[in-house]
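Observations on the model geometry
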Amino acid sequence: MLYNSTRDNLQEVESAYAIAHGISKEGGLFVPQSIPTLSKEDFIALKEMNYVERAKYILKLFLTDFSDEELDYCAKGAYVGSFDNDLPAPLYALSDKVNILELWHGPTCAFKDLALQILPYLLTTSSKKVGDGKKTVILVATSGDTGKAALEGFKDVAGTEIIVFYPNDGVSAMQQLQMNTQKGENVYVCAIEGNFDDAQTGVKNIFTNDDIKSLLAENNMEFSSANSINWGRLAPQIIYYISSYCDLMDKGDDYLKDGFNVVVPTGNFGNILAAYYARQMGAPINKLICASNSNNVLTDFLKSGTYDRNRDFYTTISPSMDILISSNLERMLYELTGHNDKQVAAWQNSLKYDGKYTVTDEVLSKLKELFYGGYCSEERTSATIKNTFDKYGYLIDTHTAVAVSVYEDYKESTGDNRPVVIASTASPYKFANSVLSALGQDVPNKEFDAANKLSGLTITTIPAPISELETATVRFSNVCKKDDMKEVVLKHLGISL
Ligand SMILES: *Cc1c(COP(=O)(O)O)cnc(C)c1O
């Protein structure tokens, strides 16, 4: 399997190169030349496997330059011992038709762990294959969850250094504490005065700056990315959608006779893109339901075909989705234009300079066939948390609530009553203040009092990675201007222009 860049089909690389470098040199994203498919027999075999075996089976199709031993090392390293009961992605039946895919049983309590527990293994294995013994410097822009999950995955991994930037006023108190207390000798965390898009743009600019790149090379270092622009982040996310289908197969052929829908609370479009790949591989997914919060740039795009980021940016109670530039949409457009690199590059260029672009009618009609887009206000998000708890005794976080709410709209407007898998992307305890307030409770001043109150009220347990933060030492409290990110990186690495 070879990979092309979304902006230049002449770039043709193996997966190890794509993963080690993160992004193509002209700024495009690496995409597999074709999507492998799974037969009925494959699915029957997968159904009998545990998560580690499913992971190996699926990754082997995409990472054909990895040996079986390497994949075994990566999958076991990631998924044995780091998730509750070694079940990284269990399905919870909320009702007969509604299945919640719980993706927050990992060490940082958000779905990012599913990919970021394995990425360090994939990346160090890739670097060995293609690298020249250089130290890998991982730069991360985070809306809250990626940062912590990447820090946890890469802490003290030999040959790596990791630097995380997050928007100062754009993450929850618990997310901030999670990052600022991170342990490890090779980690660094800095807040920026700006929003997530500023952080993401800053990181992309550093990545593609030739002066900085050569400076790093002189010092025997090179950049890579732990954001979902890295194929090594995306491929592992396909596994849990295939895995959820395998688990649904237990309910019998009749249950799945018309396939099922998947709902994903979306920001950067990485998670829902992984669901699209699972669909193309043969999982009988009907509609991909793309759920946004008030930053509803994707909802408008899926309706009109115009992607327009020139709009107000809202800071919401689902901060990991407060994004106006959904990076992974670029891969989707590459697929839907039949790998038209020139067209994709032109659209990305308009996005960069005018903040918008409009796709062709043909692409729009394909998008409409695959996706349903909807969004949810802050009030509705809170009301959904309360209703779901009152009705089912099941506690969801703010991001999952956006997904549940958009699913309700979808069902009402289409009458489609197929079984559904809703991606539950974070533990409610990461957003304890907002969840408690949604349940109609006064929110205590201290974050941990809120978590304890939530636990007492709902008779649910605070996950250990969160309760342990109460006594953890704060190691980082840096804030920088968005234009100073470059200097912060160089200074931390001990080199200067
Ligand atoms: C990152 C994140 C999202 C958005 O996922 P994308 O892949 O960026 O679309 C949704 N919910 C939570 C809790 C997240 O951390």
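Structure's up top.
Figured I'd write up the structure that's included with this text.

1. Overview of the site of the ligand
Near the ligand there are 15 residues, and of these Lys112, Asp145, Gly267, Asn268 and Thr425 occur at the shortest range. Asn268 places a main-chain nitrogen or oxygen 2.8 Å from an oxygen atom of the ligand. The contact in question runs from an oxygen atom of the ligand to an N or O atom on the backbone of Asn271, over 2.9 Å. Its residues assigned to classes, the shell around the ligand comprises 5 nonpolar, 8 polar and 2 charged.

2. A word on the sheet that holds strand β1 (residues 3–5)
Across a sheet, paired strands are connected by hydrogen bonds in the backbone, their directions being either parallel or antiparallel. The 3 strands are arranged β2-β1-β3 in an open sheet whose pairing can be described as antiparallel. Every other strand in the sheet has two partners, leaving β2 (8–13) and β3 (30–32) as the edge strands with one partner each. Averaged over all pairs of adjacent strands, the angle between their axes in this sheet comes to 40°, without regard to strand direction.

3. Remarks on the packing of helix α12 (residues 270–281) against helix α14 (residues 329–336)
The geometry of α12 relative to α14 is characterised by a closest axis approach of 9 Å and an angle of 30° between their N-to-C directions. What the angle tells us is that α12 and α14 run roughly parallel. Side by side, α12 and α14 meet where Leu273, Tyr276 and Tyr277 of the first sit next to Arg331, Met332 and Glu335 of the second. The class makeup of the residues in the contact of α12 with α14 is 4 nonpolar, no polar and 2 charged.

Definitions and cut-offs
Residues numbered from 1 in each chain as written. Predicted model: local features only at pLDDT ≥ 70, side-chain atom pairs only at ≥ 80, totals over all residues. Heavy atoms only, no water. Near = heavy atom within 4 Å. Polar contact = N/O pair within 3.5 Å; in protein donor to acceptor, adjacent residues only side chain to side chain. Nonpolar A, V, L, I, M, F, W, Y, C, P; charged D, E, K, R; others polar. Pairing = 2+ DSSP bridges. Helix = DSSP H or I, 4+ residues; strand = E, 2+ residues; numbered from the N terminus. Axes fitted to C-alpha atoms, helices over the stretch in contact; angles between N-to-C directions. Parallel < 35°, antiparallel > 145°, perpendicular 65-115°, else oblique. Contact = heavy atoms within 4.5 Å.

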